[in-house]
Amino acid sequence: MNNSINLEPEKIIKTIDLLEKRVSDRFPDSGLRKVCFQFLHTAQKSKQNIDWISSPNILLRVFSHMIILIGLGGLIYSITYIDLQIENTTLANVVTISEAIFNDIILLGAAIFFLFSLESRLKMKRALKSLNELRVIAHVIDMHQLTKDPNVTDVPESATENSPKRTFTNFQLQRYLDYCSEATALVGKVAALYSQSLPDEKVVRAVNEIEILTTGLSRKIWQKLIILNELKTNKQ
(Lines give C-alpha, C1' and ligand atoms only; values in the text may rest on other atoms or scores of the structure.)
Protein backbone atom coordinates (compact mmCIF):
# COMPACT_ATOMS: atom_id res chain seq x y z
CA MET A 1 0.00 0.00 0.00
CA ASN A 2 1.38 3.37 -1.09
CA ASN A 3 0.81 6.01 1.60
CA SER A 4 2.86 8.76 -0.08
CA ILE A 5 1.15 12.10 -0.66
CA ASN A 6 1.39 13.44 -4.20
CA LEU A 7 -0.01 16.36 -6.13
CA GLU A 8 -2.71 15.25 -8.56
CA PRO A 9 -2.54 16.95 -11.98
CA GLU A 10 -6.24 16.41 -12.68
CA LYS A 11 -7.31 18.29 -9.55
CA ILE A 12 -4.92 21.16 -10.24
CA ILE A 13 -6.22 21.47 -13.82
CA LYS A 14 -9.78 21.39 -12.52
CA THR A 15 -8.96 24.22 -10.10
CA ILE A 16 -7.38 26.29 -12.89
CA ASP A 17 -10.41 25.66 -15.11
CA LEU A 18 -12.71 26.84 -12.33
CA LEU A 19 -10.56 29.94 -11.78
CA GLU A 20 -10.72 30.77 -15.49
CA LYS A 21 -14.52 30.50 -15.38
CA ARG A 22 -14.72 32.72 -12.30
CA VAL A 23 -12.56 35.38 -13.94
CA SER A 24 -14.63 35.10 -17.13
CA ASP A 25 -17.88 35.57 -15.18
CA ARG A 26 -16.72 38.73 -13.45
CA PHE A 27 -14.18 40.19 -15.90
CA PRO A 28 -15.08 38.73 -19.32
CA ASP A 29 -13.12 41.27 -21.36
CA SER A 30 -10.05 41.49 -19.14
CA GLY A 31 -6.54 40.49 -20.07
CA LEU A 32 -6.44 38.36 -16.93
CA ARG A 33 -9.12 36.09 -18.36
CA LYS A 34 -6.99 35.54 -21.49
CA VAL A 35 -3.96 34.76 -19.36
CA CYS A 36 -5.93 32.26 -17.27
CA PHE A 37 -7.18 30.59 -20.44
CA GLN A 38 -3.61 30.29 -21.72
CA PHE A 39 -2.52 29.05 -18.29
CA LEU A 40 -5.20 26.36 -18.43
CA HIS A 41 -3.91 25.24 -21.84
CA THR A 42 -0.34 25.18 -20.50
CA ALA A 43 -1.41 23.13 -17.46
CA GLN A 44 -3.16 20.61 -19.70
CA LYS A 45 -0.05 20.37 -21.87
CA SER A 46 2.02 19.99 -18.70
CA LYS A 47 -0.03 16.95 -17.71
CA GLN A 48 0.73 15.38 -21.07
CA ASN A 49 4.43 16.18 -20.61
CA ILE A 50 4.42 14.71 -17.11
CA ASP A 51 2.71 11.54 -18.34
CA TRP A 52 5.43 11.25 -20.99
CA ILE A 53 8.17 11.93 -18.43
CA SER A 54 6.78 9.35 -16.00
CA SER A 55 6.56 6.61 -18.62
CA PRO A 56 9.59 4.69 -19.93
CA ASN A 57 10.49 5.38 -23.55
CA ILE A 58 10.49 1.77 -24.76
CA LEU A 59 11.48 2.56 -28.35
CA LEU A 60 14.46 4.66 -27.28
CA ARG A 61 15.57 2.05 -24.76
CA VAL A 62 15.39 -0.75 -27.35
CA PHE A 63 17.35 1.38 -29.82
CA SER A 64 19.99 2.20 -27.20
CA HIS A 65 20.43 -1.44 -26.19
CA MET A 66 20.73 -2.50 -29.83
CA ILE A 67 23.46 0.09 -30.46
CA ILE A 68 25.30 -1.01 -27.31
CA LEU A 69 25.11 -4.68 -28.31
CA ILE A 70 26.37 -3.86 -31.79
CA GLY A 71 29.25 -1.89 -30.28
CA LEU A 72 30.16 -4.72 -27.91
CA GLY A 73 29.95 -7.24 -30.74
CA GLY A 74 32.20 -5.10 -32.89
CA LEU A 75 34.74 -4.75 -30.09
CA ILE A 76 34.80 -8.50 -29.42
CA TYR A 77 35.10 -9.24 -33.13
CA SER A 78 37.98 -6.79 -33.55
CA ILE A 79 39.81 -8.33 -30.58
CA THR A 80 39.38 -11.82 -32.01
CA TYR A 81 40.52 -10.67 -35.44
CA ILE A 82 43.60 -8.99 -34.03
CA ASP A 83 44.51 -12.08 -32.03
CA LEU A 84 44.36 -14.22 -35.16
CA GLN A 85 46.75 -11.89 -36.96
CA ILE A 86 49.48 -11.99 -34.28
CA GLU A 87 52.35 -14.22 -35.32
CA ASN A 88 55.24 -12.63 -33.50
CA THR A 89 54.30 -11.57 -30.01
CA THR A 90 56.61 -8.74 -29.14
CA LEU A 91 56.44 -6.06 -26.46
CA ALA A 92 55.78 -3.40 -29.10
CA ASN A 93 52.87 -5.38 -30.55
CA VAL A 94 51.37 -5.99 -27.12
CA VAL A 95 51.60 -2.30 -26.20
CA THR A 96 50.11 -1.18 -29.53
CA ILE A 97 47.25 -3.65 -29.39
CA SER A 98 46.54 -2.93 -25.71
CA GLU A 99 46.43 0.80 -26.41
CA ALA A 100 44.04 0.29 -29.32
CA ILE A 101 41.75 -1.94 -27.27
CA PHE A 102 41.83 0.49 -24.34
CA ASN A 103 40.85 3.37 -26.62
CA ASP A 104 37.99 1.32 -28.06
CA ILE A 105 36.77 0.47 -24.56
CA ILE A 106 36.88 4.17 -23.57
CA LEU A 107 34.89 5.18 -26.66
CA LEU A 108 32.39 2.37 -26.13
CA GLY A 109 31.98 3.35 -22.47
CA ALA A 110 31.32 6.97 -23.44
CA ALA A 111 28.77 5.81 -26.01
CA ILE A 112 27.05 3.59 -23.43
CA PHE A 113 26.90 6.47 -20.94
CA PHE A 114 25.47 8.78 -23.63
CA LEU A 115 22.79 6.30 -24.69
CA PHE A 116 21.78 5.38 -21.14
CA SER A 117 21.48 9.06 -20.16
CA LEU A 118 19.77 10.11 -23.40
CA GLU A 119 16.25 9.38 -22.16
CA SER A 120 16.67 11.33 -18.91
CA ARG A 121 18.25 14.26 -20.75
CA LEU A 122 15.37 14.41 -23.24
CA LYS A 123 12.88 14.38 -20.39
CA MET A 124 14.80 17.04 -18.49
CA LYS A 125 14.94 19.25 -21.60
CA ARG A 126 11.17 19.07 -22.05
CA ALA A 127 10.58 19.72 -18.34
CA LEU A 128 12.84 22.79 -18.30
CA LYS A 129 11.16 24.19 -21.41
CA SER A 130 7.72 23.81 -19.83
CA LEU A 131 8.93 25.33 -16.56
CA ASN A 132 10.17 28.36 -18.46
CA GLU A 133 6.68 28.76 -19.97
CA LEU A 134 5.21 28.70 -16.46
CA ARG A 135 7.74 31.31 -15.32
CA VAL A 136 6.65 33.59 -18.18
CA ILE A 137 2.98 33.12 -17.26
CA ALA A 138 3.74 34.15 -13.67
CA HIS A 139 5.37 37.35 -14.90
CA VAL A 140 2.43 38.08 -17.23
CA ILE A 141 0.00 37.69 -14.33
CA ASP A 142 2.14 40.13 -12.36
CA MET A 143 1.96 42.62 -15.23
CA HIS A 144 -1.84 42.54 -15.07
CA GLN A 145 -1.93 43.42 -11.37
CA LEU A 146 0.94 45.88 -11.55
CA THR A 147 -1.19 48.99 -12.16
CA LYS A 148 -3.96 47.98 -9.77
CA ASP A 149 -3.18 50.50 -7.03
CA PRO A 150 -5.65 50.41 -4.10
CA ASN A 151 -4.61 53.90 -2.99
CA VAL A 152 -6.09 55.66 -6.03
CA THR A 153 -9.39 53.88 -6.61
CA ASP A 154 -11.40 56.67 -5.05
CA VAL A 155 -9.48 59.67 -6.40
CA PRO A 156 -9.84 59.57 -10.21
CA GLU A 157 -9.29 63.32 -10.35
CA SER A 158 -5.61 62.70 -9.54
CA ALA A 159 -5.10 60.82 -12.81
CA THR A 160 -2.96 62.28 -15.57
CA GLU A 161 -3.36 61.89 -19.32
CA ASN A 162 -1.13 58.81 -19.37
CA SER A 163 -2.34 57.26 -16.12
CA PRO A 164 -3.82 53.74 -16.30
CA LYS A 165 -7.60 53.64 -16.60
CA ARG A 166 -8.95 52.76 -13.17
CA THR A 167 -12.57 51.70 -13.51
CA PHE A 168 -12.79 49.07 -10.77
CA THR A 169 -14.66 49.60 -7.56
CA ASN A 170 -12.98 48.51 -4.35
CA PHE A 171 -14.92 45.24 -4.41
CA GLN A 172 -13.99 44.55 -8.04
CA LEU A 173 -10.35 45.37 -7.36
CA GLN A 174 -10.33 43.02 -4.40
CA ARG A 175 -11.74 40.18 -6.48
CA TYR A 176 -9.29 40.93 -9.31
CA LEU A 177 -6.31 40.82 -6.96
CA ASP A 178 -7.65 37.64 -5.35
CA TYR A 179 -7.76 35.98 -8.77
CA CYS A 180 -4.20 37.12 -9.52
CA SER A 181 -3.01 35.69 -6.22
CA GLU A 182 -4.73 32.36 -6.87
CA ALA A 183 -3.30 32.18 -10.38
CA THR A 184 0.28 32.78 -9.23
CA ALA A 185 -0.09 30.16 -6.50
CA LEU A 186 -1.39 27.64 -9.05
CA VAL A 187 1.59 28.34 -11.30
CA GLY A 188 3.81 27.10 -8.47
CA LYS A 189 1.67 23.98 -8.03
CA VAL A 190 1.88 23.07 -11.73
CA ALA A 191 5.65 23.59 -11.59
CA ALA A 192 5.89 21.29 -8.57
CA LEU A 193 4.39 18.48 -10.66
CA TYR A 194 7.61 18.34 -12.68
CA SER A 195 9.90 17.94 -9.68
CA GLN A 196 7.51 15.30 -8.35
CA SER A 197 7.81 13.26 -11.57
CA LEU A 198 11.44 14.05 -12.41
CA PRO A 199 13.50 14.78 -9.25
CA ASP A 200 16.53 15.85 -11.26
CA GLU A 201 18.76 18.50 -9.67
CA LYS A 202 18.26 21.03 -12.47
CA VAL A 203 14.50 20.48 -12.56
CA VAL A 204 14.16 20.78 -8.78
CA ARG A 205 16.22 23.98 -8.80
CA ALA A 206 14.05 25.47 -11.57
CA VAL A 207 10.88 24.54 -9.67
CA ASN A 208 12.22 26.12 -6.48
CA GLU A 209 12.98 29.31 -8.38
CA ILE A 210 9.43 29.44 -9.71
CA GLU A 211 8.00 28.83 -6.24
CA ILE A 212 10.14 31.65 -4.83
CA LEU A 213 8.96 33.89 -7.68
CA THR A 214 5.27 33.12 -7.24
CA THR A 215 5.50 33.47 -3.46
CA GLY A 216 7.04 36.90 -3.87
CA LEU A 217 4.36 37.95 -6.37
CA SER A 218 1.59 36.72 -4.08
CA ARG A 219 3.13 38.66 -1.21
CA LYS A 220 2.97 41.87 -3.26
CA ILE A 221 -0.66 41.22 -4.14
CA TRP A 222 -1.62 40.55 -0.55
CA GLN A 223 -0.02 43.80 0.50
CA LYS A 224 -2.46 45.55 -1.81
CA LEU A 225 -5.35 43.53 -0.40
CA ILE A 226 -4.36 44.54 3.13
CA ILE A 227 -4.39 48.19 2.07
CA LEU A 228 -7.85 47.73 0.56
CA ASN A 229 -9.17 46.18 3.75
CA GLU A 230 -7.67 48.99 5.83
CA LEU A 231 -9.29 51.61 3.58
CA LYS A 232 -12.60 49.80 3.91
CA THR A 233 -12.26 49.65 7.69
CA ASN A 234 -11.39 53.36 7.91
CA LYS A 235 -14.47 54.30 5.89
CA GLN A 236 -16.68 52.35 8.26
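As a convention, each chain's residues are numbered from 1 in the sequence order in which they are written. Only residues with pLDDT of at least 70 are given local features in this predicted model, and only at 80 or more are side-chain atom pairs given and counted; all residues enter the totals for whole chains, interfaces and linings. Side-chain measures were taken over the full set of non-hydrogen atoms in the model, leaving aside hydrogen atoms and water.

A. Main features of the overall build of the protein chain. Strands are runs of DSSP state E lasting at least two residues, helices are runs of H or I lasting at least four, and both sets are numbered from the N terminus onward. Secondary structure assignment for the protein chain yields six helices and zero strands. The linear arrangement of helices and strands in the protein chain, starting from the amino end, is α-α-α-α-α-α.

B. Broad picture of the packing of helix α2 (residues 31–54) against helix α5 (residues 170–197). Fitting a line to C-alpha atoms yields each axis, with helices limited to the stretch in contact; the angle taken between N-to-C directions then spans 0 to 180 degrees. Packing of α2 against α5 leaves a shortest axis separation of 10 Å and a crossing angle of 10°. The angle between the axes of α2 and α5 places the two elements in the roughly parallel class. The residues of α5 that touch α2, namely those facing Leu 32, Phe 39, Ala 43, Ser 46, Asn 49, Ile 50, Ile 53 and Ser 54, are Tyr 176, Tyr 179, Cys 180, Ala 183, Leu 186, Val 187, Val 190, Leu 193, Tyr 194 and Ser 197. Under this grouping Gly is polar, as are all residues other than the nonpolar Ala, Val, Leu, Ile, Met, Phe, Trp, Tyr, Cys and Pro and the charged Asp, Glu, Lys and Arg. Residues that form the contact of α2 with α5 fall into these classes: 14 nonpolar, four polar and no charged. Should an angle fall under 35 degrees it is taken as roughly parallel, and over 145 as roughly antiparallel, whereas 65 to 115 is taken as roughly perpendicular and any remaining angle as oblique. The criterion used for residue contact is that any of the two residues' heavy atoms lie within 4.5 Å.

C. Up close: the nonpolar core. Residues belong to one nonpolar core when they are buried, are Ala, Val, Leu, Ile, Met, Phe, Trp, Tyr or Cys, and are joined through side-chain atoms within 4.5 Å. Only protein chains enter the area calculation, which uses a 1.4 Å probe; residues under 20% of their type maximum are buried, those over 50% are exposed, and those in between are partly exposed. Residues Ile 16, Phe 39, Leu 131, Leu 134, Val 187, Tyr 194 and Val 203 are the most contacted members of the largest nonpolar core, which totals 43 residues. Where this core is concerned, the elements lending two or more residues are α1 (9–26), α2, α4 (91–146), α5 and α6 (201–235). Top contributing element to this core by residue count: α5, with 12 residues. The contact partners of Leu 131, leaving out residues within four places of it in the chain, are Ala 191, Tyr 194, Val 203, Ala 206, Val 207 and Ile 210.

D. Focus on the side chain of Ser 218. Along the chain, the position of Ser 218 falls in helix α6. Once residues within four sequence positions are removed from consideration, Ser 218 is found in contact with Ser 181, Thr 184 and Ala 185.

E. Representation of the environment of Cys 180. Tracing the chain through its elements places Cys 180 in helix α5. Expressed as a C-alpha distance, the spacing of Cys 180 and Leu 217, which sit 37 residues apart in the sequence, is 9.2 Å. Those residues within four positions of Cys 180 in sequence are excluded, and the remaining contacts are Leu 32, Ile 141, Gln 145 and Ile 221.

F. Inspection of the packing of aromatic side chains at higher detail. Each Phe, Tyr or Trp ring (for Trp, its six-membered ring) is paired with any other whose centre lies within 6.5 Å, and the angle between the two planes then decides the class: stacked below 30 degrees, edge-to-face above 60, tilted in between. Applying the stated rule across the entire model yields two aromatic pairs. Relative to Tyr 176, the ring of Phe 27 lies with its centre 5.3 Å away and its plane at 80°, an arrangement referred to as edge-to-face. With a gap of 149 residues between them, Phe 27 in the loop between α1 and α2 and Tyr 176 in helix α5 connect regions that are remote in the sequence. Looking at Phe 27, the relative accessible area reads 6%, which means it is buried. Where Phe 27 meets Tyr 179, the ring centres are 6.1 Å apart and the plane angle is 80°; that geometry is what we call edge-to-face. Within this pair, whereas Phe 27 is found in the loop between α1 and α2, its partner Tyr 179 is found in helix α5, the two being separated by 152 residues in sequence. Residue classification places Tyr 179 among the buried residues on the basis of a relative accessible area of 3%.

G. Representation of the confidence of the model for the protein chain. Across the protein chain, pLDDT averages 81, with 75% of residues at or above 70. The quantity known as pLDDT measures the predictor's confidence residue by residue, on a range of 0 to 100. Across the protein chain, α1 holds the top mean pLDDT of 94, while helix α3 (residues 58–85) sits lowest at 68.

H. Representation of the side chain of Gln 145. Note on placement: Gln 145 falls in helix α4. Residue Gln 145 is classed as buried on the basis of its relative accessible area of 1%. With near-sequence residues (within four places) excluded, Gln 145 lies in contact with Leu 177, Cys 180, Lys 220, Ile 221 and Lys 224.

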